[in-house]
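# Results of the structural survey
Each chain, letter by letter, is given below.
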Amino acid sequence: MSGGRPPGYPQRDDPVAAKPLPVPTPTSQPYWDGLARHELCLQHCDACDAWVYYPRHRCPACLSDRLSWNTVDAAGTVYTFTVARRPTAPPFADEVPQIIAVVALGVGAHVTTTLVDVAPEDVRIGMPVTGVFDAQGDGVTLLRFRPA
Amino acid sequence: MPGLRGGAVIAGFVERTPERHFTGTPRFGLEQWSDLAADALADAGIAPQEVDGLCCGGDTGESPMFIPSTIAEYCGWSLNFAERLDLGGASSVGMVWRAAAAIELGACEVVVCAATQQPRPSPPRPLAVGPRVTFGASSNAWGSPQAEFDIPYGNLGQNCGYAMYAQRYHDEFGWDQRSRAKIVADQRVSACANPDAVWFGHPVTVDDVLASPMIADPLHMLEIVMPCSGGAALVVTSAERAARLPHRPVAVVGFGEHLTHKTPTYAPSLTQTPVGPAAHRAFAMAGVVPGDVDMVELYDCYSITVMLSLEDSGFCGKGEGMEFVRHHDLSYRGDFPCNTHGGQLGFGQPGLAGGMSHVVEAVRQVQGRAGDRQLARHDLAYVSGTGGIMSEQAALVLRGL
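Heads up: these notes are all about the structure in this document. (Residues numbered from 1 in each chain as written. Chains lettered and ligands numbered in written order. Predicted model: local features only at pLDDT ≥ 70, side-chain atom pairs only at ≥ 80, totals over all residues.)

In this section: the overall build of chain B. Of regular secondary structure, chain B possesses 13 helices and nine strands. For chain B, whose C-alpha radius of gyration is 22 Å, the value lies close to the compact-globule estimate of 21 Å for 401 residues. Its C-alpha atoms give chain B principal-axis dimensions of roughly 65 × 55 × 35 Å. Residue burial in chain B is summarised as follows: out of 401 residues, 53% are buried. For chain B, contacts bridging at least 24 residues in sequence account for 72% of all contacts bridging at least 6. (Helix = DSSP H or I, 4+ residues; strand = E, 2+ residues; numbered from the N terminus. Rg over C-alpha atoms; globule rule 2.2 N^0.38 Å. Buried ≥ 20, exposed ≤ 12 C-beta atoms within 10 Å, placed from the backbone. Contact = placed C-beta atoms within 7 Å.)

Right, dumping it as structure tokens:
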């Protein structure tokens, strides 16, 4: 790759790197706005005290719509992961070997992410990780993680 | 005559005011579904947490496939029954009788039936990757949770999801990868006794499996099904009628169904899978225990699917699957016949007919029509099915009459 970015990040000058990026919805907009400010904003249910991820219109624990946005620490531990040795879809060919992971945040929510700044053989379940706010085109910022 | 006995009732409802020109706030189909469910449950005086079944149409909009599991995940429900209907104007009547029948059968207790018909929001701008690019079973439509929170990170398709199940499983219970490979090798022995299998005539060893290319750590190529063409059909009829037909009747004496999520990231557990509650219900309904069955036909899209299904179906304890596989011969000639046609890993996966192959094989064995791989004891069979990424699972207990 000739992208000039460290391994694990999209190599932007790769011609196949037309990434499927998120398009915020009215419900999720505060989450993406938060990432753009380098803040992790999650919904909290004021009815049953649950943390909600991904952003929803109602709480998945009690279906209340009394959800409020709060900033939480962008840190957690690796809950599980895999190393995609083949791209999961053509747009991700430039990220192979891609470390796809589920990170358990401190508040308990599980998020899908990729791990960066780490070699595949060094990843362990339970490893502490911290958020990396990775700005993409269209003003969208993705939340990746690196070893803490 | 068999039929409903009035044991199920409609306990509450909600109805939106019809409008020729909508004046409310546009919401996604999933959001409309959660609104309708919350209001109807409030009307009935039933807590949302009591819901264990749903009937839906194809109208959520954001997800063209796997609609029930997407709704279950969105609303935070663990369901024992789910139905997507495609009956046009008869759909709502169909939902109610299915819900009543399911409840009388004991499959579930609280079923939400809903149909959404309000406008959804329009995308703010043309999407970079349009909704027609589906990424397999993953929905990239605007408003789909996968499109927003999973696909951008490459978490799509089946391989990486099952690999993350396997990674977590071995981290919790030990890194004996040879037992996972032995599932593939044992099933291949059965495939080599099945002239219809794609891998007929091609035995493999544990070392062969572990030497095949790594696709998504820790899963190797030979632990993953091979797509192929094919087809299958079953005829189900009454026992009275079947008694007059040429083949041995195979009675459905137990069933169960359970689903909790679409994407494993949001699953309640990566080690306790939905086939557990489904199997428990199926065995209890049949009045038998796992040790009673003569054969098991386990849905096997991946080696790890079999490992988890052996444990959660109750053939061994949680975390004991690897030891169980080491100490048993899973082939048709072994002491624990499992996927006697070779499983999909040996037989091939012809789309949805891949899952039907397990049922067909159980019927074939029970009826004594399995040729060279016919089991000596063949009266009672356990069959499992799996959709998505351990997302929706179902179980059957079949008994020859």
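Interfaces are often described in size by the accessible area the parts lose on coming together. Opposite the 37 residues of chain A that make contact, chain B presents 44 residues. For the side of chain A that touches chain B, the secondary-structure elements that each account for two or more residues are β4 (75-84), β5 (98-105) and β6 (110-114) of chain A. Split into classes, the residues belonging to the side of chain A that touches chain B amount to 20 nonpolar, eleven polar and six charged. (Nonpolar A, V, L, I, M, F, W, Y, C, P; charged D, E, K, R; others polar.)

What follows concerns the sheet that holds strand β6 (residues 250-259) of chain B. Strand pairing in a sheet relies on backbone hydrogen bonds, with the paired strands running either antiparallel or parallel. Residues and elements named next belong to chain B. Reading across from one edge, β6-β9-β8-β7 is the order of the four strands in this open sheet, with mixed pairing throughout. Among the strands making up the open sheet, the edge pair consists of β6 and β7 (295-297). Averaged over all pairs of adjacent strands, the angle between strand axes in this sheet comes to 15°, irrespective of strand direction. With eight bridges connecting them, strand β8 (residues 380-387) and strand β9 (residues 392-400) associate as antiparallel partners. Looking at the pairing, Gly385 lines up with Ala394 of β9. Across the sheet, helix α13 (residues 352-366) is in contact with β6, β7, β8 and β9; its angle to β8 comes to roughly 175°. (Pairing = 2+ DSSP bridges. Axes fitted to C-alpha atoms, helices over the stretch in contact; angles between N-to-C directions.)

This brings us to the pairing of strand β7 (residues 128-135) of chain A. Residues and elements named next belong to chain A. Across three bridges, the pairing between β4 and β7 is antiparallel. If you follow Gly76 over to β7, its bridge partner there is Val129. When β7 meets strand β8 (residues 141-147), the two strands line up antiparallel, connected through seven bridges. Opposite Val129, over in β8, you have Pro147 as the bridge partner. Hairpin connection from β7 to β8: five residues lie between these consecutive antiparallel strands, with Asp138 at a positive phi of about 60°.

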